[in-house]
Amino acid sequence: MSNIKQSNISDLFGWTCSPIWEKFAADKNGIFENGNILKDQSIKIKNREGYICYKAYRRANNKRGMNTQITASYITKGDFIFKLREKGSIYTPVIYFNGLENVKMDNEIFNKFIIRTNNENDLEKLFKDDEIANLISSQDLFCMEIRKGNNFNEKKLYLEINGIVDNYQAMEQTFNLTTKIINKIK
């Protein structure tokens, strides 16, 4: 996709500062940390009671050596969870061991994923939102899921995108996707 920077050999041995990540962090009043061989490049942006964090993530997968990982913490009293994983990935079989139910969403955006949830109605409401569906289709998404957080009633929305998101429009799209999902499921 045009939104993704292909990894190259320099990505594997060190990270050069991305001016797009720096600008995005500054525009969102966030904190940018340049990565190196020991730590990944990251952005941390305050979002209500939690943070939205971007990270250039080293992943041993069959596509690229680096992915973009986005996590967002939020507080909820609900128990809605879901897992959406790309079909054919070596990491996808893990989602079968968590007791969630399979869901089939027959449309071109979601046909490339294996989807599991504890509440099919809430999942359908979430993904029938045209804006959310369009934002999902605009990214080369590897996985999206809700995980338990560290604190009482805390959950984390977790997204992982194949390759490094390295243009401003894609950064804005992923930020909008993250905030829209959290606002819809709270």
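In what follows, the structure referred to is the one given above.
So, a few notes on the structure that sits alongside this text. Quick caveat, the model's predicted, so the values are computed rather than measured. (Residues numbered from 1 in each chain as written. Predicted model: local features only at pLDDT ≥ 70, side-chain atom pairs only at ≥ 80, totals over all residues. Heavy atoms only, no water.)

1. Overview of the pattern of salt bridges
Here's step 1: Counted by the stated rule, this structure contains seven salt bridges.
Here's step 2: Note that Arg-85 is salt-bridged to Glu-145, the shortest N-O span being 2.9 Å. Linking Arg-85 in strand β6 (residues 82-86) with Glu-145 in strand β9 (residues 141-148), this pair joins segments that are 60 residues apart in sequence.
Here's step 3: Under the relative-accessibility criterion, Glu-145 is labelled buried at 2%.
Here's step 4: Among the salt bridges present, the one from Lys-184 reaches Asp-129, with a minimum N-O distance of 3.2 Å. Of this pair, Lys-184 sits in helix α5 (residues 168-185) while Asp-129 sits in the loop between α3 (120-127) and α4 (130-137), and the two are 55 residues apart along the sequence.
Here's step 5: Through salt bridges with shared partners, a single ionic network connects Lys-83, Arg-85, Glu-145 and Arg-147. (Salt bridge = Lys/Arg side-chain N within 4 Å of Asp/Glu carboxyl O. Helix = DSSP H or I, 4+ residues; strand = E, 2+ residues; numbered from the N terminus. Buried < 20%, exposed > 50% of the residue type's maximum accessible area, 1.4 Å probe, protein only.)

2. Some thoughts on the packing of α4 against α5
When two helices pack together, you describe them by how their axes are tilted relative to each other and by the distance separating the axes.
Here's step 1: The geometry of α4 relative to α5 is characterised by a closest axis approach of 10 Å and an angle of 140 degrees between their N-to-C directions. Considering how the two elements wind past one another, α4 and α5 form a crossing that is left-handed. In contact with Glu-131, Ile-132, Leu-135 and Ile-136 of α4, α5 contributes Gln-173, Asn-176, Leu-177, Lys-180, Ile-181 and Lys-184.
Here's step 2: Split by residue class, the contact of α4 with α5 holds five nonpolar, two polar and three charged. (Axes fitted to C-alpha atoms, helices over the stretch in contact; angles between N-to-C directions. Left-handed = near helix turned anticlockwise from the far one by under 90°. Contact = heavy atoms within 4.5 Å. Nonpolar A, V, L, I, M, F, W, Y, C, P; charged D, E, K, R; others polar.)

3. Here's the deal with α4
In an α-helix there are 3.6 residues to a turn, and that puts residues three or four apart on one side.
Here's step 1: Inspection of α4 places Ile-132, Ala-133, Leu-135 and Ile-136 among the buried residues, and these make up the whole buried set. Down the axis of α4, the smallest arc covering the buried residues is 165 degrees, so these residues share one side.
Here's step 2: In the core, the buried residues of α4 are packed alongside α3, β9 and α5.
Here's step 3: The backbone nitrogen of Glu-131 lies 2.9 Å from a side-chain oxygen of the residue at the head of α4, namely Asp-129. (Arc of directions from axis to C-beta. Polar contact = N/O pair within 3.5 Å; in protein donor to acceptor, adjacent residues only side chain to side chain.)

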